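Given next are the chains, with one letter for each unit.
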Amino acid sequence: MAEMALEFDADQRHGAPPASEFALAHLSDLHLSSLENLSPRALLSKRVLGYASWWLRRRHEHRAEVLEALRADLRSEQPDHIAITGDLTHLGLPQEFRQAAAWLAQLGGADGITVIPGNHDAYVREPWRETFAQWAPYMKSDEAGEAAWTEGSFPSLRIRRPVALIGLSTAQPSAPFLASGRLGEAQLQRLGRMLEQTAGAGLFRIVMLHHPPAARTVRWRKSLRDGAALRDMLRHHQVELLLHGHAHLSAAAYLDPGLGRNLAIGVPSASAVGSKAERNATYHLYRISRAASGWRLRVCVRSYSLQSGRFHAEDGRRLRLALAAAPAARGA
Ligand SMILES: [Fe+2]
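**Notes on helix H5 (residues 185–198)**
The end-to-end C-alpha distance of H5 is 20 Å, a good match for the 20 Å that 14 residues give at a rise of 1.5 Å each. When we look at burial in H5, the residues that qualify are Gln187, Leu191 and Leu195. The buried residues of H5 occupy an angular sector of 75° when the element is viewed end-on, so they sit on one face. Exposed residues lying more than 90 degrees from the buried face of H5 are Glu185, Ala186, Gln189, Arg193, Glu196 and Gln197. For H5, the secondary structure elements touched by its buried residues are helix H6 (227–236). Two residues or fewer after H5 comes glycine 200, characterised by a positive phi angle close to 80°.

What follows is the structure, given as structure tokens:
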């Protein structure tokens, strides 16, 4: 496998990246929908708990003005592509999917944005055509063409210049008070075949999934149930990078720490403001380029400031500390 030089920097440069670089913005956990004026019928089931959490906390935490600042920042940074790792909604209601689809359309075309589902988007089982089908243009593989994109279609594969984006779905309804995820045997097998087929193509392979793939990034009730099977598979099929959300915190870990391979990086919510600065809205901007011995990957952390009402580059300390403290690095 090609070597990878990893750098955390506070690159202040604005505007289009040079042709030799591929700039990828990673956003997650936008929770951008509003649950105002919801009918009581919509709250039958587990949703009543989610609605209570939205009413008490989330509606104050995930703010429209932050989403507006986020879009302005992305317009200014001009990434080549935007990766969104799920949880665009709160309760996965059809009306929330419509709101999210409208927001995505304002952000850009489906060719330049890749979306995968999060657990909130699959809060309760709903007909696919009323929910995820509305995001299908942003989720489907390049080769899917006009064919329908369904729950069983993942992993997705999209190739953009030197980058292969592989999208997984870990989203599935879970019992009250659980927010776990699962890939399932069939998806893992398809992923294995896809990794075999794309190996040796000289691409920078990025796996996108909502739940953290490293052990112990989140508590059991929020974890990826078949994370161990995924990590096992990736020991045989290395990828350059895995991107995830779900934890609403910065996270970084090598899934194969002994060899320093399969780097997984998690981003906080891109729309939240909270009592702790490290939980404030953040997204990551990756700059990927070829180096003499493999790849160069630069990560720029951009976070929202309540003072300025804008996103700014950070020095990357949060991610460096997260990588140093990763349970995987201690042999978990
Ligand atoms: Fe989540």
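**Focus: the packing of H5 against H6**
Where H5 meets H6, the axes come as close as 11 Å, and the angle between the chain directions of the two elements is 15°. In terms of orientation, H5 lies roughly parallel with respect to H6. H5 and H6 meet at a crossing whose hand is right-handed. Contacts from Leu188, Leu191 and Gly192 of H5 reach H6 at Ala229, Leu230 and Met233. Per-class residue counts for the contact of H5 with H6 are five nonpolar, one polar and no charged.

Thresholds, definitions, all that
Residues numbered from 1 in each chain as written. Predicted model: local features only at pLDDT ≥ 70, side-chain atom pairs only at ≥ 80, totals over all residues. Helix = DSSP H or I, 4+ residues; strand = E, 2+ residues; numbered from the N terminus. Expected span 1.5 Å × (residues − 1). Buried ≥ 20, exposed ≤ 12 C-beta atoms within 10 Å, placed from the backbone. Arc of directions from axis to C-beta. Contact = placed C-beta atoms within 7 Å. Axes fitted to C-alpha atoms, helices over the stretch in contact; angles between N-to-C directions. Parallel < 35°, antiparallel > 145°, perpendicular 65-115°, else oblique. Left-handed = near helix turned anticlockwise from the far one by under 90°. Nonpolar A, V, L, I, M, F, W, Y, C, P; charged D, E, K, R; others polar.

These results come straight from atomic positions and should not be treated as a statement about function.
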